[in-house]
Structures are given as C-alpha cells and as structure tokens.
Amino acid sequence: MEFVSPEGLRLDGRRPMEMRQIRAEIGAVSKADGSAIFEMGNTKVIAAVYGPREVQNRSQQISSHALVRCEYSMANFSTGDRMRKPKGDRRSTEISLVIRQTMEACILTHLLPRSQIDIYVQVLQADGGTRSACINAATLALADAGIPMRDFVTSCSAGYLNSTPLLDLNYVEDSAGGPDVTLGILPKLDKVTLFQMDSKLPIDILENVMQLAIEGCKAIASYIREILLENTNQLEYRRGV
Amino acid sequence: MEAITLIDQSVCPGDVVLDVSTIANHTIKLGGGLRQDGDVISVTKSGTLRFSNPNKYWVQISQKRYVPQQKDSVLGIVVDSRSDNFLVDIKGPALAFLPVLAFEGGTRRNIPKFEIGTLLYVRVVKANPGMNPELSCTDASGKAAEFGALKDGYMFECTTGLSRMLLSSPTCPVLDALGKKLSFEIAVGLNGRVWVNAASPHTTIIVANAVMNSETLSGAQQRIMVEKLLQKIQ
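Residues numbered from 1 in each chain as written. Chains lettered and ligands numbered in written order. Predicted model: local features only at pLDDT ≥ 70, side-chain atom pairs only at ≥ 80, totals over all residues. Heavy atoms only, no water.

An unreviewed UniProt entry lists chain B under the name Ribosomal RNA-processing protein 40, from Flemingia macrophylla.

This is how the line gets drawn: UniProt positions are given in the numbering used here, feature names are shortened, and annotations may be inferred rather than shown by experiment.
An unreviewed UniProt entry annotates chain A as Exosome complex component RRP41 homolog of Flemingia macrophylla. What UniProt states about chain A under its Sequence similarities (unreviewed entry) heading is, verbatim, "Belongs to the RNase PH family."

Rendered as structure tokens:
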C-alpha cells in the first residue's frame, strides 16, 4: 500500500516531516492536584496527577524517594470498535510501566521521600501515538501539580515507510507493520529517557528517524512551555500581581 | 547574567536561571522551586521567579498541595489518634503529628479528645524532608493564641497562592471590603484551607463565596465583586 504518494504527501495530506496539530489544556480535572488534556491530531488523552501524599500501602513506602505510580487505560469508546477490557491487559500494563519509568526519570523523587505520586492517564480517542500523547499530558499535569521536576519530558513517534522517514504516525501508518520509533527526551538537558521501537530498521536509517523524532519532541516542548507560561501568567494576573 | 532577564517572569521546569561560574565569590540563597545542578541553577517548578536583595532567589508557586514549612499556620484535619500523637492531615506529602501535650497547660491528665474529622488551627513546629511534620497548638512562647479546634463554621479548600494573598499585609481587598459590612471570623491556613464562621449561615455563605471568587480577580475587581454581592442580598 502507498503511504507516501509520488508528490510526497501522506494519507492524511501531511508532508513526511510534518507533525499533527497539537493542543493542550491545563486544569481539566478540578479534583486532581494537577491535570491536563493533550491532543495530537485525533489522539486525545487526559492525565490527572494526585500527590505528593501519604503512601497508601505502607509496605511500598520508600524511605529515600517518592513512590511514583502510573496507570494507563483506554476508554471503551476510544478505538473504532468498542473495547471490552480497557485495563489490565498486557499492552496497558506495559505502557503504564513505560510511562512510569519515563516520568520517574524527570521527577526529583529524592526531595519527597516516603510519599506517593499517582499519575492516571486515560486515552479518550486513539489514533496512533497514544504513548507519546500520554507522556506529554503527564508532563503538563505534573507541572500543574507543582511536583518538582528536572525538566519537561516530551515524546514523539517516527516511522519509516516507502523508504521515507515519517514524523508522528497516525493509526493507519502505525498498523502498516513498518518500524515505529517512540522517543522521549528532556529537551533542555538534551537527554533521552525513552526509546522504543517495533519491527526492524537498518542502523544508518535509524539515526535519521531518531533525529526526526528528536526534532518533533523539541517542537512539542516549545508548545508545552508556551501553554504552561500562559497558565502561570493567568494565575498571576488573576491574583493581581 | 541570565538571572536579571528572568526575574519577575514566569518560568518552567528546566529553565536555567543563573550560571554560578559567572559570578565571583558570592553566596546565593535558593528558595523553593530552584535547584543547583553543577554550575547552573535551574527551575524545578513552574511559577514566577522572584529576587530579593542581596542574594535570595525563589520561585513563587501556587498549587493545590502544600509544602510544609516551619512557623506556618495551617488548618489540619484529625485522621487518627495515637497514645502520644494525633495524626493530622495538612495536605502535605505526609501526615503530620500533633503531640497530645502540645497545648497550653497540657499535661497527661487533660489530654483533649479530638474526634476523627475535627478541624484544627495549628502551627508547624518542625518540617524536615522525609519526616512527618510536627505541629503544635501553642505559639512559640507556649500560649494558646487562637490555636486549637475550630467549632462550627464552614471550611473550604483553595490554592496556596490564594491563602498567601488572603494573609498578605496590608489587608487583602476582599477581606477588607467584607469586613466593613459584615461581621464574621475567618481562619486562613497557608496549606490551602480557609474556615469561615458567622452568626448566620447566610453571612457565612456570602463570605465563603466572595473569598472563592476573589482567586481570579485583581484588587479593584475584588471590591466591585463584593459590592455587587452585598447589593444583591440587601
């Protein structure tokens, strides 16, 4: 099947190096200590953060660090066909673990020993790149909750179809069976915290695809920064400062 | 110095505020929201960067949860009682301990009996990272000074930024405007909890609503809002 036309357009009319439209909103869940909605094209994800608070399960308490827990779930209505078991399946457990490890790398857990930080991410609409959207939403939610972080974590996916590196795959391109690289970076510190890939890719092409994903992450980082600054400015303005 | 351009600006986690190697022989004091990473001071929480002479930097943050600090006055809710401590929730990373003897004239014979759910106005005595904070119902000299259980009234939650604004001096505009027309008592906890009590539930509700609304308004707007609110009911 042709994923990149001879004119250089993808199935949804994007250029190979073009990302989908992103949109973010902070503070959507008023009961949570921090929350955010993140949309990448048609993929919509909501993240809620609770904490830092007292550890609920004493046996899991860590005396030198905060305990970070993460739960990823997809809403029943998020995919084309209604899902019957949105939580607890292998894929959800794996993605929960991946998001937890990625966020743990950027949270300054040693500043909050013996406490617990819960991150709940739910996919409302899935169209490829849910992992990345979840990480971006979790970053914003953590910043909204005032949890100390080294830097943002931003994430983006990239692939390689019809001999072209493609940025930000949607569901159709993702299910094509080609390589799918998901990258998570700390943009200011220039460090990689997440690097996952499906399928196979020759190593010289991997470099190009990874570079493309890094650029996507940096673009998302500047957008996230804007959203966070706007939110902070709004709070300041409202308090009359 | 990058610091000069970012002071009084909004900052995000990861932003570099200062490069220590460019300043000669200086001691800098870092407050909340900043950390040193080798040669560089970077931001860990989003907020507004503040500076006070000669060398104090900090990020002014407003959030829903509380970071326990010594000498703060907070509103806590009793969750449990042990033989030597009450366990009190102050919206921090850990439950706080209130020793049963930390009351004016407190001895083993007259330990107060607080039920679970009692609202207390307390002072934070110790707040070390990783340890449960310690509270007291007396001021530094041992007098009761308004600390203790708050009876009746209504408690609601807000952000730490609103609490600080309500406690700022000169008196915050919304409290000033309300105080001129209504009679009520109010206790503001720096941990994002506010308690209001008045002779009638009617007045309590007006004060609570006015305070909650004022989170999103400037000084002048607060006065106008209070005026409109009072006009409607009188």
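### Remarks on the pattern of salt bridges
Charged atoms that come close allow side chains of opposite charge to pair. Residues and elements named next belong to chain B. To be explicit about the condition: Salt bridges are defined by distance alone: a side-chain nitrogen of Lys or Arg within 4 Å of a carboxyl oxygen of Asp or Glu. Per-residue accessibility, obtained with a 1.4 Å probe over protein chains only, is compared with the maximum for each type, and a residue is labelled buried under 20%, exposed over 50%, and partly exposed between these values.
Throughout the structure, instances matching the rule amount to 25 salt bridges over all chains. For Arg 35, the salt bridge identified is with Asp 37, shortest N-O distance 3.4 Å. According to the relative accessible area criterion, Arg 35 is buried, its value standing at 17%. Across the salt bridge formed by Glu 134 and Lys 126, the nearest N and O atoms sit 3.8 Å from each other.

### Digging into the state of the cysteines
Residue and element names in this part refer to chain A. Rule in force here: The rule for a disulfide is simple: a pair of cysteine sulfur atoms within 2.5 Å.
Scanning the model with the defined rule gives zero disulfides over all chains in all. Cysteine Cys 134 is unpaired, with the sulfur of Cys 70 as its nearest cysteine sulfur at 7.9 Å. On the basis of relative accessibility, which here comes to 0%, the residue Cys 134 falls in the buried class. As a non-bridged cysteine, Cys 217 has Cys 156 as the owner of its nearest cysteine sulfur, 5.4 Å distant.

### With respect to the interface of chain B and chain A
Here is the rule: For this analysis, residues touch if any pair of their heavy atoms sits within 4.5 Å. For any pair of parts, buried area is found by adding up, for both, the accessible area (1.4 Å probe) each one loses once the two are put together. Side-chain atoms alone can form a polar contact between residues adjacent in sequence; in general such a contact is a pair of N or O atoms within 3.5 Å, and within protein one must be able to donate a hydrogen while the other accepts it. Numbering goes from the N terminus for both helices and strands, where a helix is a DSSP run of H or I of at least four residues and a strand is a run of E of at least two.
At the junction of the two partners, chain B supplies 35 residues and chain A supplies 35 residues. Of the roughly 2,700 Å² buried where chain B meets chain A, counting both sides, 51% is carbon and sulfur surface. Three residues, Lys64(B), Arg65(B) and Pro93(B), lead the burial of chain B against chain A; their summed loss comes to 20% of the area buried on that side. Joining chain B to chain A, the criterion identifies three salt bridges. Note that Asp15(B) and Lys188(A) form a salt bridge whose closest N and O atoms lie 2.7 Å from each other. Between chain B and chain A we count 12 residue pairs in polar contact (both at pLDDT 80 or more) in total. Elements supplying a minimum of two residues to the side of chain B that touches chain A: strand 1 (10-11), strand 4 (34-37), strand 6 (47-52) and helix 2 (160-166) of chain B.

### Some thoughts on the packing of aromatic side chains
Residue and element names in this part refer to chain B. Going by this rule: Each Phe, Tyr or Trp ring (for Trp, its six-membered ring) is paired with any other whose centre lies within 6.5 Å, and the angle between the two planes then decides the class: stacked below 30 degrees, edge-to-face above 60, tilted in between.
One pass over the structure, following the stated rule, counts six aromatic pairs over all chains. Summarising the aromatic geometry, the rings of Phe 86 and Phe 114 are spaced 5.1 Å apart at their centres and angled 50° between planes, so their arrangement reads as tilted. A residue pair is termed long-range when its members are at least 10 positions apart, and Phe 86 in strand 9 (residues 85-89) and Phe 114 in the loop between strand 10 (96-99) and strand 11 (119-126) qualify at 28 residues. As far as the burial class goes, Phe 86 and Phe 114 line up, both buried. Within the aromatic cluster, the residues linked to one another by ring pairs are Phe 86, Phe 103 and Phe 114.

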